[in-house]
Amino acid sequence: MFKNFWYACELSTEVKKTPKRVRALGQDLAIYRAKNGQILALSDLCVHRGGSLSMGPVEDDCVRCPYHGWKYDASGKCVEIPANTAEKTIPQRARVDAYPVEERYGLVWIFLGDLPSAERPPIPEFPEFEDPDYYTIWGIFDWKANYERVIENGIDIAHAPWVHKNSFGNVKDPKVKDYEVTCSEWGFKASITLVSPRRDFFGRERGTKVVTTSVGVQLPHVSTLDLDLPNGMKMRLFDANLPVDANTTRTFWVMARNFLPYRWADPFSRKS
């Protein structure tokens, strides 16, 4: 697992003023919203006796450990030890790690590495999210698998005829034709054209349709799927795969489509 990258760790809508525990790259974090709406992220482990900060209250944007009441500010510095008498000072080492946080695409992104701001790789790009022609939905999927295997699944076009046979896959023509890979600074993408069955509302085949499929990776953990459907319809899937630990992955997915911008149509997108 690579620490010097931005990782999506939660949906923005799920982070409130009450601390919440999230696990990323094998470590527990306490995340919560400050009064100004900014999301703060601290190590969930109090340095005193290992209490869980995510179980404590927030006071003036500081979080208090529920075990002995040690209080930490947004930078991770301990600013109060209730058991201390007035003449005792707080040790400088009484602090927990704090992490940079950004919100983008409806997701909370956290940087767990040690690079200064100017040297950090960018948050992966998803331009359709800001495009007013696209309608977006979100979701979470948990896997009992290493994140590398999850990414492999996301870009494996050979499984489309079998797993996605009711949308853009075609079991009658499962061959994967030659394709070219284009590279960018932080990733790569490959496109192929599929001829798949055209189905009506009841799932009955009504001829065929041509679907241009592009799969890609934005290093080290985002996989993308672009579907160019007939009649100018487009779907864009952005999977931010969080390594919870070595054997567990949580995928925060965002899907954008430029057709049927209605909630009642969401289940059809999720099924595909």
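Worth saying up front: this structure is predicted, and the values here are computed from it rather than measured. (Residues numbered from 1 in each chain as written. Predicted model: local features only at pLDDT ≥ 70, side-chain atom pairs only at ≥ 80, totals over all residues. Heavy atoms only, no water.)

Enquirer: Is there a simple way to think about the overall build of the protein chain in this case?
Expert: Across its full length, the protein chain carries three helices and 17 strands. By principal-axis analysis of the C-alpha atoms, the protein chain measures approximately 85 × 35 × 30 Å. Looking at the protein chain as a whole, 46% of its 272 residues are labelled buried. Taking all contacts inside the protein chain whose residues are at least 6 apart in sequence as the whole, residues at least 24 apart take part in 50%. Surface exposure of the protein chain reaches about 15,100 Å², of which carbon and sulfur atoms provide 52%. Each charge class in the protein chain was averaged separately, 36 positive and 35 negative side chains, and the resulting centres sit 6 Å apart. (Helix = DSSP H or I, 4+ residues; strand = E, 2+ residues; numbered from the N terminus. Buried < 20%, exposed > 50% of the residue type's maximum accessible area, 1.4 Å probe, protein only. Contact = heavy atoms within 4.5 Å. Areas by Shrake-Rupley, 256 points an atom, 1.4 Å probe, with all protein chains shown as cover. Lys, Arg positive; Asp, Glu negative; His and termini not counted. Charge placed at Lys NZ, Arg CZ, Asp CG, Glu CD.)

Enquirer: Is there a simple way to explain the sheet that holds strand 10 (residues 107–111) in this structure?
Expert: Backbone-to-backbone hydrogen bonds join strands into a sheet, with any given pair of strands oriented parallel or antiparallel. Taken together, the three strands give an open sheet; going across it, the order is 1-10-9, and neighbouring strands pair in antiparallel fashion. The sheet is open, and its two edges are formed by strand 1 (6–11) and strand 9 (101–104), each paired on a single side. For this sheet, the mean inter-axis angle between neighbouring strands, taken without regard to orientation, is 35°. Bridging between strand 9 and strand 10 involves four bridges; their strand directions are antiparallel. Bridged to E102 within strand 10 is W109. (Pairing = 2+ DSSP bridges. Axes fitted to C-alpha atoms, helices over the stretch in contact; angles between N-to-C directions.)

Enquirer: Explanation requested: the sheet that holds strand 4 (residues 39–43) in the structure shown.
Expert: In space, the three strands of this open sheet follow the order 2-3-4, with antiparallel pairing throughout. The sheet terminates laterally at strand 2 (20–24) and strand 4, the two strands that pair on one side only. Strand-to-strand twist in this sheet, taken as the mean axis angle between neighbours without regard to direction, amounts to 35°. Of the pairings in the sheet, the one linking strand 2 to strand 3 (residues 27–33) comprises five bridges and is antiparallel in character. Bridge assignment links V22 to a residue of strand 3, and that residue is L29.

Enquirer: In this structure, what is going on with the nonpolar core? I would like to understand it.
Expert: Note that soluble globular proteins tend to have their nonpolar side chains buried in a common cluster. Grouped together as the largest cluster of nonpolar side chains are 34 residues, with contacts concentrated most on L107, W109, I110 and L242. Among the elements of the structure, strand 1, strand 2, strand 3, strand 4, strand 10, strand 16 (234–245) and strand 17 (248–257) are those that each provide at least two residues to this core. L107 has contacts with A8, E10, L11, S12, E102, W138, A240, F252 and V254, leaving out every residue within four places of it along the chain. Core analysis: the next-biggest nonpolar cluster, separate from the first, contains 16 residues, A160, I192, L225 and M255 among them. (Core = buried A, V, L, I, M, F, W, Y, C linked by side-chain atoms within 4.5 Å.)

Enquirer: Looking at this structure, I do not really get the pattern of salt bridges. What am I missing?
Expert: Opposite charge on two side chains makes pairing possible when the charged atoms of those side chains draw close. A complete count under the given rule lists 18 salt bridges for this structure. Here R257 ties to D266 by a salt bridge, and the two come within 2.8 Å at their closest N and O atoms. Of the two residues, R257 and D266, both sit in the buried class. One continuous salt-bridge network, built from bridges that share partners, spans E128, K189, D226, D228, K234 and R236. (Salt bridge = Lys/Arg side-chain N within 4 Å of Asp/Glu carboxyl O.)

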